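Report on the structure
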Amino acid sequence: MANMNGKENPNREKINVVWFKRDLRFTDHEALHSAQKSKLPLLLIYCFEPSVMAYPDSDVRHWRFAYQSLMDMQSKLKGIQSQIYIFHQEVETVFKALQNHYQIDTIFSHEETGNKITFDRDIWVQKFCDVEGIIWKQYQQFGVIRGLKSRKNWEQKWEEKMCEFPKLVDEKKWNIIKLEDDFYESLKGEKLCNEIIHPDKNFQPGGETSAWRYLESFVKERHQNYSKHISKPALSRKSCSRLSPYLAYGNISMRMVYRYTRQHYKTSNHKRDLSNFISRLHWHCHFIQKFENECRMEFEHVNKGYDALIKPKNQQYIRAWEQGKTGVPLVDACMRCLVATGYINFRMRAMVISFFTFNLWQDWRELRFFLARQFLDYEPGIHYPQIQMQAGVTGVNTIRIYNPIKNAEEHDADGAFVKQWLSELKDIPAHLLYEPWKLSAMEQKLYHCKIGEDYPFPIVDMEESRKYASDLIWALRKDGTVKKEGKRILKKHVNLGDASQSNEIRS
Ligand SMILES: Cc1cc2nc3c(=O)[nH]c(=O)nc-3n(C[C@H](O)[C@H](O)[C@H](O)COP(=O)(O)OP(=O)(O)OC[C@H]3O[C@@H](n4cnc5c(N)ncnc54)[C@H](O)[C@@H]3O)c2cc1C
């Protein structure tokens, strides 16, 4: 039994620890690969941290995905009678107890571009390591560079990183230690709740096996209509890769996705689709790099000029938007679909944010955590920069106020998506579906939907609210602080000489 109160065991065994975070895979795992080079026995750990799970961006869907990812890994370790030790405990408690019981030589993990609570936790771990004389080796995740001073040559460095040989684990070199049963029992923490442990078929399943299944089916087959369907709320679910949660939880490395796609590119008859997909892999890291360099974006306008923006909070609007009851069919269908399945495509994400921040004139900070909880692929480094971009508060990107009626006509022309999620509108023909408030009393009767009872009237006037927002947001764009900050942002986050990064400014 470990002594939890002090390092009283003078003969503590020297070990190394691989600390899994959002890198839940074995293939191309640099931390694990490096740890294997050491002769010391290896302990594999993962912590479900109560404080991180209680943070407002966290939802049970995320932890279920992480749990499934871990179970997939455990099944691969079973053959060698080993396991990853899973704790439902603060990292602080686990590392302190481990250090009391063993002598930790090195902790191996990947760098995490996380939210405030994981950022603070990592600072604690670094201090703990410094005090205890433990080496903490952190390896680069994705193409995101820590401590980056300039975006010059960033794309080239990204390419170089992706072209490096994958860091493969040597199956014969496993030297994994087993914790004593009593020690593990005393430390592992409470059982995880049933919602985490039990699968939910409405969501993509977590795990390296599923990640590869999604990648393979996309690159070999599903990518054929990638560009054509990317903006369509229903068809994108099949034609897009759907790799985002697997990248967010590290079930697959960006390098493997990139290399595998490049391999099949040569033989594909749909090269343009695969090129468009590859450019989005760059965007993934490009956005996370911004957040890595300026993580206050979780809380503050990246462009301080927008601190002057006044948006009175309207709780009724917020609730209606969250519940998919705004009276605007495409917005409501997207919100209900997102809550139920954890996914909507890029354009629909942008549109629901545009509706919230422009038409409802609400502050983006009122939606950031709610949306984070809904997205199964929640990745702080993409989430916050994208939200601010879509809310029109960066001062450098084109301001887009999406028209949900036009978008429904263009991207859900037969109404299949709206009808799937708004059953109260299912009998209305597609040409009348997107503005149900215009239905006559006779039509409402005919199509079994009384507006104001079965489905709400729009909570704001679409045209008036668009014009109000447009006038104010464009006027602020001319403000001196907004312009000055815009220059600073471009200098810090974008290499304008690079085509894909300057495209992002316009898109
Ligand atoms: C407000 C908002 C919030 C978002 N939050 C997230 C998030 O938390 N996590 C997340 O992974 N994506 C986020 N995105 C980006 C994008 O919507 C999703 O990556 C994409 O819809 C995931 O589907 P897919 O895997 O089928 O993408 P594909 O189209 O198949 O693209 C492949 C991969 O490229 C990356 N990617 C694609 N589009 C973008 C983009 N516009 N910006 C950055 N990376 C991109 C993703 O890793 C994605 O898995 C957000 C977009 C918006 C507008």
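Quick word on the overall build of the chain
From N to C terminus, the chain includes 26 helices and 5 strands. The C-alpha atoms of the chain give a radius of gyration of 25 Å, which matches the 23 Å a tight globule of 507 residues would have. Judged by the C-alpha coordinates and their principal axes, the chain covers about 85 × 50 × 50 Å. Looking at the chain residue by residue over its 507 residues, the buried ones come to 40%. In the chain, the share of contacts with a sequence separation of at least 24, taken over all contacts with a separation of at least 6, comes to 80%.

Re the sheet that holds strand β5 (residues 135–139)
In space, the 5 strands of this open sheet follow the order β3-β2-β1-β4-β5, with parallel pairing throughout. Since the sheet does not close on itself, it has two edges, and those belong to β3 (85–87) and β5, each with one partner. Going across the sheet, the axis of each strand differs from the next one's by a mean of 25°, ignoring polarity. Summarising the sheet, strand β2 (residues 42–47) and β3 pair through 3 bridges and their orientation is parallel. Within β3, the residue paired with Tyr-46 across the bridge is Ile-86. On top of the sheet, helix α4 (residues 91–101) reaches β1 (14–20), β2, β3 and β4 (103–110); it is set at about 160° to β2, its chief contact.

Some details on the site of the ligand
Not every one of the 27 residues close to the ligand is listed here, only the nearest: Cys-240, Ser-241, Ser-244, Arg-280 and Gln-386. Residue assignment for the shell around the ligand shows that the elements contributing at least two residues are α12 (244–248), α14 (271–293), α17 (346–359) and α19 (380–390).

Some words on the nonpolar core
Formed by 105 residues in total, the largest nonpolar core has its most connected members in Val-18, Ile-45, Cys-334, Val-352 and Val-418. Counting residues per element, this core draws most heavily on α17, at 8 residues. Not counting chain neighbours up to four residues away, the residues in contact with Ile-45 comprise Val-17, Trp-19, Phe-20, Ile-84, Tyr-85, Phe-87 and Val-94.

Details of unusual backbone geometry
Positive phi, close to 55°, is recorded for Phe-142, a residue that is not glycine. Mapping Phe-142 onto the fold places it in the loop between β5 and α6 (154–163).

Quick notes on the environment of Ser-239
Looking at the element boundaries, Ser-239 is found in helix α11 (residues 236–239). The class for Ser-239 is buried, based on 21 C-beta atoms found within 10 Å. Spatially, the C-alpha atoms of Ser-239 and His-62 are 23 Å apart, while their sequence positions differ by 177 residues. Aside from chain neighbours lying at most four places away, what touches Ser-239 is Arg-222, Asn-225, Tyr-226 and His-229.

Side note on the confidence of the model for the chain
Across the chain, the average pLDDT comes to 95, with 96% of residues at or above 70. Within the model, pLDDT remains below 50 along residues 1–5, and this stretch shows 11 contacts once partners closer than five positions in the same chain are excluded.

Concerning the environment of Val-219
Structurally, Val-219 is set in helix α9 (residues 208–220). For the pair Val-219 and Leu-274, spaced 55 residues apart in sequence, the C-alpha separation works out to 7.8 Å. In this structure, Val-219 is in contact with Tyr-260, Thr-261 and His-264, ignoring residues within four places of it in sequence.

Brief notes about the domain arrangement of the chain
Domains assigned within the chain are domain 1 (14–194), domain 2 (204–292) and domain 3 (297–506). In this structure, domain 1 and domain 2 have C-alpha centres spaced 25 Å apart. The interface of domain 1 with domain 2 comprises 24 residues on the first partner and 24 residues on the second. Breaking the side of domain 1 that touches domain 2 down by element, the ones donating at least two residues are α3 (60–78) and α6. Of the residues forming the side of domain 1 that touches domain 2, the biggest block, 6 residues, is contributed by α3. Grouping the amino acids of the side of domain 1 that touches domain 2 by side-chain chemistry returns 12 nonpolar, 5 polar and 7 charged.

Reading the values: rules and limits
- Residues numbered from 1 in each chain as written.
- Predicted model: local features only at pLDDT ≥ 70, side-chain atom pairs only at ≥ 80, totals over all residues.
- Helix = DSSP H or I, 4+ residues; strand = E, 2+ residues; numbered from the N terminus.
- Rg over C-alpha atoms; globule rule 2.2 N^0.38 Å.
- Buried ≥ 20, exposed ≤ 12 C-beta atoms within 10 Å, placed from the backbone.
- Contact = placed C-beta atoms within 7 Å.
- Pairing = 2+ DSSP bridges.
- Axes fitted to C-alpha atoms, helices over the stretch in contact; angles between N-to-C directions.
- Near = placed C-beta within 6 Å.
- Core = buried A, V, L, I, M, F, W, Y, C linked by C-beta atoms within 7 Å.
- pLDDT = per-residue confidence, 0-100.
- Domains from an automatic or database assignment.
- Nonpolar A, V, L, I, M, F, W, Y, C, P; charged D, E, K, R; others polar.

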